[in-house]
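This is what each chain is made of:
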Amino acid sequence: MNSAENNSVCPNEIDASCRVPLLVLFGGAALWLVLGLALGIVAMLSFHKPDMFADCPFLTFGHAQAAANDLLLYGFAIPAALGVTLWIFARLSQAKLALPIVPVVAANLWHVGVLVGTISILLGFSTGHPWLEYPRGASVLLFAAFMLIAVSAVATMGFRLNRELYPSHWFLFAALLWFVWSYGTANLFLVCNHPPRGVVQAVIGWWLTNNLIFVWLALAGVGIAFYFLPKIAGKPLASSGYALFGFLTLVFFGTWVGIPQGAPVPAWLPTVSAFGALLSVIPVFALGILARKTVWGAKVPCFGGPFCFIRFGMLSFVAANLLYISEFCPRASRVLDFTWFNAGVTQWQLLGFAGMILCGAIYEILPRVMARELPFAKLAKLNFFLFAGGTLLFVIPLLIGGVEQGMKLRDSNIPFADASAVALKFLRISTTGQLLVLLGALCLLLNIFVMTLQWKLGLLKTVVVVVKDSLVEGSAYQPLPCDKSACATLQRDEEVKP
Amino acid sequence: MKTGFCVFLAAFVALGASWLGLVFGPLKQLGVATETKILQSDDKWPVQRTGDATLGLQVYRANGCAACHTEQIRQTGAANELSLVNLGVHQAADLKDFIASLLGTMPELMNFSNAVAGNLAGWDGKLPKVIYSGADDTVISLLGDKLKAVGVKTEARVVATGADIARMGWGVRQSVAADYLYDQPVQLGSLRAGPDLANIGVRSPDLNWQLQHLYAPKSITPNSSMPAFRYLFTVRAKVGGQSSPDALVLPKEFMPAGNLEVVPTAEAKQLAAYLVSLKNNAPLYEAPFTPITAAK
Amino acid sequence: MSDEKKSCCSNETGEPTATRSAAPMWIIVVTLALLFTGGLFLDSHGGWFDKNVYAPYQSSAQLESFQPKSGAAAAMARGKSVYEGVCGICHNSDGTGKPGQAPALASSEWVTAKGINRLAHIPLAGVTGAIRVGGKDWNLNMAAMGAALPDEDVAAVLTYIRTSWGNKAEAVTADDVKKVRSEIGKSPQPYTGEQLKAMPE
């Protein structure tokens, strides 16, 4: 942890220093992903069989959908991204993770917060603000946990040997500030004793939603992708100037999007958002083009490995965010507002973009951090196909169904029940997609769980052996001494195995 | 960027700018709002809710009703309308000619001659007849005066238009910030899996209808996808064979069998009171329209 | 259980690097073009940050034109348009009058008097000779500018001048004007200041 070290720390020591924090973060994230997807399916059951929860208040659509969405964002996406950030910062700094106990404590606090928040929503204590439904106790826990992890991440970044920042540093560091400020402000104003009166609550809610679902996920996802894509492809990132341009346009323009065009607020607010949305096309394209340029020509066989995940994620970044931006075009919003289209785009951003990139990153990081192979490598590859196919099957019917519903709603001669019934058949296909994604998430959970179990068993065995052979030197379970000269050779044996 | 400080600065300025513009600005502009007056009246808007309705908003929030219902009406246009109400001594045919001559001779009206002529073409004489509907208000007063001078009674109205407003009962004008002054928390909603509720208190003002709809939506709309909220009600034995005054009156298929009745819990009553308090029918300065004073 | 025997760097590439090069010019040009287009959009649809202007209204002037005009508001609007077309040429559109042409109506005791009898005679018949208005002496001729106007318009314009520019007096109805007109009869001679003062208020 000493920045005065002249030699860089060997990568496997860096990985080992990240092991426990990442296990807590990733393990919890995978669990919440499975639970969030399951709750999401339960929520959609209310549409397939409306009276299913007529006598059970906890699992109605209003409760389950809010809980599921929050689980996907706060339970899965944010902790997973934080874990990947810690590891990337440590690796780029070529130093061990700073203050390693802090993220462990923080991650546990975070998961407690998510648990408390989810149960509160199901019991009816949600705050009523979209994406901010966790009551004050839970949100304070989340905020504190994030601050702690951010401190450790910033310290790690501060101890870097090579003082020049790599583009991923910008994105991920900005993401740390972004969450703290947006989440803090929104909670301070909305989840408190004296919130502002009237529609301002909705405006602040929309500002937060945009800053989390669009900007924060973009910062985290692109930052992570820009680390792994060049690394796996074996080529440098195509252009640092381009990345800088993409970063600056994303943070300056992306944050203004969010106010729906038909909102009951003075005209300047939706107009400013439409302006921001128009300009946000630039960073979406720029970052997409840059990713494409980086991997163009790289001969990386895929077959469902992490490279596939991250590439799919970047394609989803461009597609999903272009659709998101299109919602803020005044003409389009007249058809698309208040339909399933919005839900489809959000899920594409959460699962198709952030989820895929985070999963790919987790599969890339875990074997290194645990110093062992994935226990179910074939399931990990199946995970990609389940996620990719499932996400598209989940999201695209929602988009199409939403457009159909919107067009029918515009015609006041069509009774409302008919207009909303047109979406129902799309919802059936969509729920099937959700099931596939859930199966993929189970693969992830299984891999992490069994890996943790194996590691713990290994530790147990080490303890037993050390106790038994405490007088014998050179115990079989000591880690190998690190040979830095061997680090010079480049080998990628993981991806070569089909 | 070379240093962490530069990154921090860029992110800080970017997020700070949007915080100022989208959080602080609206707080200062809208967050200090107080009651406003209904147009051409001394009545205040919004109307304070009853105690039950205020508690009902919390029931609405707790059950996540905003996940399927919105409470905001959108408006895509507005029109100044001039309609003929009473022709006096004239006949439709010669009135058409008179108006055509006015359009041809008066320079101020020439720009609108196509619009007005288009409305009058094919008019069979039925009243009331809208002869102009557009953005200009001066033509309304000019044409109105000229017609009044020859004894024709006209009515000038401002109407709000839009797909939401065209749906009967959904609202007569767009929702504006003033409508949500007393809502804590504001439940605008973002998905219309169910119809918009901004004006449900005018559309379905009967508390019993609301309660019946909550208990068994299919008893009112057979192909409804709204779940039944039976947990907001108690099914209990009739006391002494008599229904209590609160008991719901339901169609036979939805009534519980035997000597049982369905009674709403306090939460159900509060929720129904809240729904009945949702009204969007007052003209305001920022959302003007001419109220229809004649009984429907 | 061969994991532990793995060499520490068996499957490790170096950390990624970035090629130093700038963003292409075309995307910067597109950004500037979008900034300009967006600025135009903000100008036309933003309502200039007015808290009363909601989409689809695009400016506060446009919102004003859609306010329903009936009752008192309509009369004021009518009175204003009649005033600007008929009286304002001499009396000025802000009621301050023009020296050598017409006295001020703002704060004029003739305009704000409790009774409207004297005031109503002025536009219906005209004024000639010496008359004292607001402490100043005037000696000009005014034609019967309101003689050709219908009763409602005269009432509207009198109401307008009685309630504008700081004047606070009661409205004038069309019936009041009709009564005065019938008293005057057809083709009256313009009144002098003394004749007006001799009338009941």
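So, how was this worked out
Residues numbered from 1 in each chain as written. Chains lettered and ligands numbered in written order. Predicted model: local features only at pLDDT ≥ 70, side-chain atom pairs only at ≥ 80, totals over all residues. Helix = DSSP H or I, 4+ residues; strand = E, 2+ residues; numbered from the N terminus. Rg over C-alpha atoms; globule rule 2.2 N^0.38 Å. Buried ≥ 20, exposed ≤ 12 C-beta atoms within 10 Å, placed from the backbone. Contact = placed C-beta atoms within 7 Å. Nonpolar A, V, L, I, M, F, W, Y, C, P; charged D, E, K, R; others polar. Bend = angle between axes of the 7 residues up to and from the residue. Pairing = 2+ DSSP bridges. Axes fitted to C-alpha atoms, helices over the stretch in contact; angles between N-to-C directions. Parallel < 35°, antiparallel > 145°, perpendicular 65-115°, else oblique. Left-handed = near helix turned anticlockwise from the far one by under 90°. pLDDT = per-residue confidence, 0-100. Core = buried A, V, L, I, M, F, W, Y, C linked by C-beta atoms within 7 Å.

Draft legend 1. Main features of the overall build of chain C. A tally of regular secondary structure across chain C gives eight helices and two strands. N-terminal to C-terminal, the α/β element order of chain C is α-α-α-α-α-β-β-α-α-α. Here the C-alpha radius of gyration of chain C, 35 Å, is well above what a compact globule of 201 residues would show, namely 17 Å. Each principal axis of the C-alpha atoms in chain C carries an extent, and together these give about 120 × 40 × 30 Å. The buried share of chain C, taken over its 201 residues, is 29%. Counted over contacts in chain C with a minimum sequence separation of 6, partners at least 24 positions apart contribute 58%.

Draft legend 2. Here's a closer look at the interface of chain A and chain B. Contacts between the two partners involve 66 residues from chain A, matched on the other side by 63 residues from chain B. When residues of the side of chain A that touches chain B are assigned to their parent elements, the largest contribution, eight residues, is made by helix 5 (residues 167–190) of chain A. Tallied by class, the residues present in the side of chain A that touches chain B amount to 41 nonpolar, 19 polar and six charged.

Draft legend 3. Local environment of helix 11 (residues 340–370) of chain A. Residue and element names in this part refer to chain A. The axis of helix 11 is deflected most strongly, by about 35°, at Gly 355. Across the 31 residues that make up helix 11, a large majority, 31, are buried. With its phi angle positive at about 55°, Ala 371 sits one or two positions after the end of helix 11.

Draft legend 4. Region of interest: the environment of Gly 28 of chain A. Structurally, Gly 28 of chain A is set in helix 1 (residues 11–48). Sequence separation of Gly 28 of chain A and Leu 212 of chain A is 184 residues, and the distance between their C-alpha atoms is 20 Å.

Draft legend 5. Main features of the sheet that holds strand 4 (residues 129–134) of chain B. All names here are of chain B. One open sheet holds the three strands; their spatial order is 4-3-5, and the pairing between them is antiparallel. The strands lining the two open edges of the sheet, one partner per strand, are strand 4 and strand 5 (153–161). Averaged over neighbouring strand pairs, the angle between their axes works out to 25° when direction is ignored. With five bridges joining them, strand 3 (residues 77–86) and strand 4 adopt antiparallel strand pairing.

Draft legend 6. The arrangement of the packing of helix 1 of chain A against helix 14 (residues 424–468) of chain A in detail. All names here are of chain A. Where helix 1 meets helix 14, the axes come as close as 9 Å, and the angle between the chain directions of the two elements is 160°. Relative to helix 14, helix 1 is oriented roughly antiparallel. For helix 1 against helix 14, the interelement crossing comes out left-handed. Of the residues assigned to the contact of helix 1 with helix 14, the class counts are 21 nonpolar, six polar and one charged.

Draft legend 7. How the structure looks around the environment of Ile 365 of chain A. Residues and elements named next belong to chain A. Tracing the backbone shows Ile 365 in helix 11. The spatial distance from the C-alpha of Ile 365 to the C-alpha of Leu 444 is 13 Å, given a sequence separation of 79 residues. Apart from residues lying up to four places away in sequence, Ile 365 is in contact with Leu 22, Val 84 and Trp 87.

Draft legend 8. Representation of the confidence of the model for chain A within the structure. Residues and elements named next belong to chain A. Residues of chain A with pLDDT of at least 70 account for 93%, and the chain-wide mean is 90. The low-confidence segment residues 1–6 (pLDDT under 50) makes six contacts with residues lying over four places distant or belonging to another chain. Ignoring residues within four places in sequence, the model shows residues 485–498, a span with pLDDT below 50, making 17 contacts including any to other chains.

Draft legend 9. Focus on the pairing of strand 1 (residues 127–133) of chain C. All names here are of chain C. Where strand 1 lies against strand 2 (residues 136–142), seven bridges are found, and the strand directions are antiparallel. Looking at the pairing, Gly 129 lines up with Leu 140 of strand 2. Taking the residues between adjacent antiparallel strands as the criterion, strand 1 and strand 2 are bridged by two residues, where Gly 134 takes a positive phi near 60°.

Draft legend 10. Summary view of the nonpolar core. Among the nonpolar cores identified, the biggest contains 252 residues, and Ala 77, Ala 174, Val 203 and Leu 219 of chain A are the most heavily contacted of them. The biggest single contributor to this core is helix 6 (residues 200–233) of chain A, with 25 residues. Every residue in contact with Leu 219 of chain A, bar those within four places of it in the chain, is listed here: Phe 171, Ala 174, Ala 175, Trp 178 and Leu 250 of chain A. Core analysis: the next-biggest nonpolar cluster, separate from the first, contains 27 residues, Val 82, Val 154, Ala 156 and Leu 158 of chain C among them.

Draft legend 11. The arrangement of helix 8 (residues 207–215) of chain B in detail. Along helix 8 of chain B, the residues classified as buried are Gln 210, Leu 211, Gln 212, His 213, Leu 214 and Tyr 215 of chain B. Looking at the buried side of helix 8 of chain B, the elements it contacts are strand 6 (233–237), strand 7 (260–264) and helix 9 (266–276) of chain B.

Draft legend 12. Quick look at the packing of helix 6 (residues 151–163) of chain C against helix 7 (residues 174–184) of chain C. Residues and elements named next belong to chain C. Between helix 6 and helix 7, whose axes approach to 8 Å, the crossing angle comes to 115°. Classified by the angle their axes make, helix 6 and helix 7 are roughly perpendicular. As helix 6 runs across helix 7, the sense of the crossing is right-handed. Counted together, Asp 151, Glu 152, Val 154 and Ala 155 of helix 6 and Ala 174, Asp 176, Val 177, Lys 178 and Arg 181 of helix 7 form the full contact between these two elements.

Draft legend 13. The arrangement of unusual backbone geometry in detail. Backbone torsion omega between Leu 127 of chain B and Pro 128 of chain B reads -10°, so that peptide bond is classified as cis. At the junction of Ala 55 of chain C and Pro 56 of chain C, the peptide bond is cis and its omega measures out at 10° in the coordinates. Structurally, Pro 56 of chain C is set in the loop between helix 1 (25–45) and helix 2 (60–65). In the Ramachandran plot, Ala 371 of chain A falls in the positive-phi region, its phi being about 55° despite a non-glycine side chain. Positionally, Ala 371 of chain A belongs in the loop between helix 11 and helix 12 (377–410). In this model, Trp 48 of chain C sits at a positive phi of 50°, which is unusual for a non-glycine residue. On the secondary structure map, Trp 48 of chain C appears in the loop between helix 1 and helix 2. Owing to 12 C-beta atoms within 10 Å, Trp 48 of chain C belongs among the exposed residues under this scheme.

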